[in-house]
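A look at the structure
Letter by letter, the chains look like this.
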Amino acid sequence: MTQRLKALAALSARLLVTALVTVLPKAQAASITAFSTDFNVGAPAEISGVTTTESVQGFSGAGNGANVFSGSFLRNITGGNPTGTAGSPTVLTLAGLPVHTSIDLRFLLAIIDSWDGSDVGSGVNQPDYFNVKVDGIHVFRETIDHEDLSVGTYTNPAPGVLIAWGNRFDAGVEQNDIGFDMGLEPAFLGITHTSSTLTVEWFADGAGWQGDFFGTAPTDETWAIDNIAVVLNGVVAGGAAPEPTTLALVGAALFGIAATRRLRPAAAIDAGTGCCAAGRGLAGHARPLHRTLPSRSRSSSVAPT
Ligand SMILES: [Ca+2]
Ligand SMILES: [Ca+2]
Ligand SMILES: [Ca+2]
Ligand SMILES: [Ca+2]
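Owing to the predicted nature of the structure, the values given are computational and were not obtained by experimental measurement. In every chain, residue numbers begin from 1 and rise along the written sequence. Written order determines the labels here, with chains lettered from A and ligands numbered from 1. Reporting in this predicted model follows two pLDDT cut-offs: at least 70 for local features of residues, and 80 or more for side-chain atom pairs to be given and counted; totals over whole chains, interfaces and linings ignore these cut-offs and use all residues.

**A look at the overall build of the chain**
Looking only at helices and strands, one finds two helices and 15 strands in the chain. The proportion of buried residues among the 305 residues of the chain is 46%. Here the contact rule is simple: place C-beta atoms from the backbone, and any two residues whose C-beta atoms are within 7 Å are in contact. The contacts in the chain between residues at least 6 apart in sequence include a share of 78% that link residues at least 24 apart. Only DSSP runs of H or I with at least four residues qualify as helices, and only runs of E with at least two residues qualify as strands; both kinds are numbered from the N terminus onward. Our exposure labels follow a C-beta count within 10 Å of each residue's own C-beta, placed from the backbone: buried means 20 or more other C-beta atoms, exposed means 12 or fewer, and partly exposed covers the counts in between.

**Points about the sheet that holds strand β10 (residues 137-143)**
Within the open sheet, the five strands sit side by side as β2-β7-β14-β9-β10. Their pairing is antiparallel. The two strands at the open ends of the sheet, each matched to only one other strand, are β2 (47-49) and β10. Ignoring which end each strand starts from, the neighbouring axes of this sheet average 20° apart. Here the rule is simple: two strands pair whenever DSSP picks up at least two bridges between them. Relative to strand β14 (residues 198-205), strand β7 (residues 90-94) is paired through five bridges, and the arrangement is antiparallel. The partner of Leu92 across the bridge, within β14, is Val200. Lines are fitted to the C-alpha atoms to define the axes, a helix being fitted only along its stretch in contact, and any angle between axes, read from their N-to-C directions, falls within 0 to 180 degrees.

**What to know about the nonpolar core**
One recurring pattern in soluble globular proteins is that nonpolar side chains are buried together. The term nonpolar core means buried Ala, Val, Leu, Ile, Met, Phe, Trp, Tyr and Cys residues held together as one set by C-beta atoms within 7 Å. Grouped together as the largest cluster of nonpolar side chains are 61 residues, with contacts concentrated most on Phe73, Leu109, Ala110, Ile111, Trp223 and Ile225. Residues within four places of Ile225 in sequence aside, it is in contact with Phe73, Leu74, Phe107, Leu108, Leu109 and Trp202.

**As for the environment of Trp165**
When you line up the elements, Trp165 lands in strand β11 (residues 162-166). Residues Trp165 and Ala110 lie 55 residues apart in sequence; the distance between their C-alpha atoms is 9.8 Å.

**Some thoughts on the pairing of strand β6 (residues 72-76)**
Counting buried residues in β6 gives four out of five residues, a clear majority hidden from the surface. Taken together, the three bridges between strand β3 (residues 53-55) and β6 define a ladder with antiparallel strand orientation. Looking at β6, one finds that Thr53 is bridged to Leu74. Pairing geometry for β6 and strand β15 (residues 221-235), over three bridges, is antiparallel.

**Considering unusual backbone geometry**
With an omega dihedral of 5°, the bond running from Asn81 to Pro82 counts as a cis peptide bond. You can see Pro82 is positioned in the loop between β6 and β7. In this structure, Pro127 follows Gln126 across a cis peptide bond, with omega equal to -5°. Looking at where Pro127 falls in the secondary structure, it is placed in the loop between β8 (102-113) and β9 (129-134). Within the chain, Asp135 stands out as a residue other than glycine whose phi angle is a positive 50°. With respect to the helices and strands, the residue Asp135 is situated in the loop between β9 and β10. Phi is positive for Asn227, which is not a glycine, with a value near 50°.

**Digging into the environment of Asn64**
Relative to the assigned elements, Asn64 resides in strand β4 (residues 63-64). For the pair formed by Asn64 and Asp181, sequence separation is 117 residues and the distance between their alpha carbons is 7.5 Å. Apart from residues no more than four positions distant in its own chain, Asn64 is found in contact with Gly160, Ile163 and Asp181.

**Looking at the pairing of β7**
Each regular strand displays side chains that alternate between the two surfaces of the sheet. When β2 meets β7, the two strands line up antiparallel, connected through three bridges. Residue Ile47 lies in a different strand from β7, and its bridge partner there is Leu92.

**What to know about the confidence of the model for the chain**
With 68% of its residues at a pLDDT of at least 70, the chain reaches an overall mean of 78. Of the regions scoring below 50 in pLDDT, residues 241-292 engages in 91 contacts with residues more than four places distant in sequence or in other chains. A low-confidence stretch, residues 295-305 stays under pLDDT 50, and its non-local contacts, those more than four residues away or across chains, total ten contacts. Each residue carries a pLDDT value, the predictor's own confidence for that position, ranging from 0 to 100.

**Re the environment of Val231**
Its location among the elements puts Val231 in strand β15. Separated by 196 residues in the primary sequence, Val231 and Phe35 place their C-alpha atoms 7.4 Å from one another.

This is the structure we're talking about:
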């Protein structure tokens, strides 16, 4: 591209953002997608830490509407050797965000193979926690049982969250896998956030975390994420201008303004405990049962390892 064309493209991006922000009525806040990735061509530059991508295998097509696992996802197999060693995080870092009042964090989550949950029997190889931190503070920390969710703290996903169940990955290893659409999980909706920078960390840990325990394929218990999107809520006309480096990104995002209406009250991070959003702590859940998993005996030939 010639210098003249590059300059023209940059000018167009600036005019687009200016025009779209300007047309928003002063009192009307909008929601915009500030970042998204499907990992189908690898991890973008905004992702650091563990960035390995690979085929979604049998998770392909699982999801809600067009928001489905496809192509590749980012898979994190770290930690667990020896058992209890925390996994290394996968990190998303954004900067130059326009003024906003909260964020929605959307992603598809694959819980792969023998996650042992917590609080059952002898507690061998437990607990296994899946964690998400926003700017260093937990918004999600739950133990997950890969067989039927029955012995973890995450036993009762909200409607639509559960999108896959069965041996979807490493099918040669008889271990059940579970998929979640975390874009519908209340813990990730309306997270209070106003900074122009954002850091999100995904990682696994816990005294029973085995991760890449064997040091070779197949791994013991791993996780993967696909279709990440960060939605900024409460973006208003007259807010601080984005950094030049994010103009094109935000401009593209504004094309997709959905004027998302807030369906749920804003979640709150408990500064005292550092955990968790929207009342989802480690205690039991009071919500009625939403999930519809097939019944499954835990005494099957596929004992958690
Ligand atoms: Ca993908
Ligand atoms: Ca295990
Ligand atoms: Ca474990
Ligand atoms: Ca599996």
